[in-house]
Amino acid sequence: MNRNLTLITVLFIVLFIGVSYIYVLDNPVEINIQATIGNTTSTSAPVTTTTSAPVTTTTTAPVTTTTAPVTTTTTIPTTTTTIEVSQEQEEVTINTNSEEDTEIYKGEFTSFDGFEGENQLRLNELVASLPDELRKSVESSVIFVNGCHSYAATILERCPFGVWDSAGTFADGTVNSKWKLSVWVSNKAFANNREYDTLLHETSHALSYLTRNCINPEGEKKRIEAQEFFGSEELFADALAIYYGGDYAYYRENIVLQDSEREFLDNYIALCCEN
């Protein structure tokens, strides 16, 4: 009986499934599936990769060519420069003891330091009027410049009446300029009517210098003897100026030559001046 009951149950189940299947086929079910996926914004910071090209600094060392200087050693005889300054008389004398002949500058004077020029033509006339013996003794060697000698003006702190410059001295005291062996007579001398006295005195210095190598019979330099006889180079120049007719003395106390002084100068001129 249990077996029959089981059989009946199975048949009932099979019948139920079959009926349900037919119903589903005739009445389909629509199933909607909505999947909502949250908007997830993923912000990734951009990765910036900076590649710096290595900075290469190229330093080019300057090419230095060193040329060893060629040194020539020349033995030069010692030259002594003597500068005599008269503050009261506004006169400067620059003398060297060099025994070498000096080349004379033959160009224009306009390039000379201190050249003034307003009275150059008048100065040329005064030079031409110097006593022949004195003028001929110096004119081939000495130049005559109307100007305020720059170095003399520097050391005096004003322009002097006149200058004799054997060395050719620049304003800074260095020498060997184009105005070696020069007599300077400034505009100031002309303005004070002292131009001829100044010219005569400075030209006497020139004569003294040009005869510096003249030797007396005793084998001594006549110029040194004259400086000792009169007392100094300035006093010797004053004596020569008076000897050649000057009536003004810068350093002497008088303008009258003693007989012994005149005799000495006669002998000096005869011995040392070729003309």
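I will try to describe carefully the structure that is included in this document. (Residues numbered from 1 in each chain as written. Predicted model: local features only at pLDDT ≥ 70, side-chain atom pairs only at ≥ 80, totals over all residues. Heavy atoms only, no water.)

## Side note on the side chain of Asn-187
With respect to the helices and strands, the residue Asn-187 is situated in helix α5 (residues 187-191). Its relative accessible area of 18% is what places Asn-187 among the buried residues. Of the polar contacts made by the side chain of Asn-187, one reaches the side chain of Asn-119; its length is 2.8 Å. (Helix = DSSP H or I, 4+ residues; strand = E, 2+ residues; numbered from the N terminus. Buried < 20%, exposed > 50% of the residue type's maximum accessible area, 1.4 Å probe, protein only. Polar contact = N/O pair within 3.5 Å; in protein donor to acceptor, adjacent residues only side chain to side chain.)

## Some words on the packing of helix α6 (residues 195-210) against helix α8 (residues 233-243)
Contact pair α6 / α8: the axes reach a minimum separation of 8 Å and the direction vectors enclose 115 degrees. Regarding the angle of α6 to α8, the classification is roughly perpendicular. Crossing angle aside, the handedness with which α6 passes α8 is right-handed. Contact residues: Leu-200, His-201, Ser-204, His-205, Leu-207 and Ser-208 in α6; Glu-233, Glu-234, Phe-236, Ala-237, Asp-238, Leu-240 and Ala-241 in α8. Among the residues making up the contact of α6 with α8, the classes are represented as 6 nonpolar, 4 polar and 3 charged. (Axes fitted to C-alpha atoms, helices over the stretch in contact; angles between N-to-C directions. Parallel < 35°, antiparallel > 145°, perpendicular 65-115°, else oblique. Left-handed = near helix turned anticlockwise from the far one by under 90°. Contact = heavy atoms within 4.5 Å. Nonpolar A, V, L, I, M, F, W, Y, C, P; charged D, E, K, R; others polar.)

## Points about the packing of aromatic side chains
All chains considered together, the criterion is met by 15 aromatic pairs. With centroids separated by 6.3 Å and ring planes inclined at 85 degrees, the aromatic side chains of Trp-179 and Trp-184 adopt a geometry described as edge-to-face. Accessibility expressed as a relative area gives 0% for Trp-184, which makes it buried. Consider the rings of Tyr-250 and Tyr-251, whose centres lie 6.3 Å apart with planes at 40 degrees: the pair is tilted. Overall, Tyr-250 belongs to the buried group, its relative accessible area being 4%. Taken together, the ring pairs in this structure connect Phe-109, Phe-112, Phe-115, Phe-170, Trp-179 and Trp-184 into an aromatic cluster. (Phe/Tyr/Trp six-rings, centres within 6.5 Å; stacked < 30°, edge-to-face > 60°.)

## Describing the environment of Asn-119
Position of Asn-119 relative to the elements: it lies in the loop between β2 (91-96) and α2 (120-128). Here the alpha-carbon distance between Asn-119 and Gly-147, two residues 28 residues apart in the chain, equals 8.6 Å. Look past the residues within four positions of Asn-119 in its chain and what remains in contact with it is Asn-146, Asn-187 and Phe-190.

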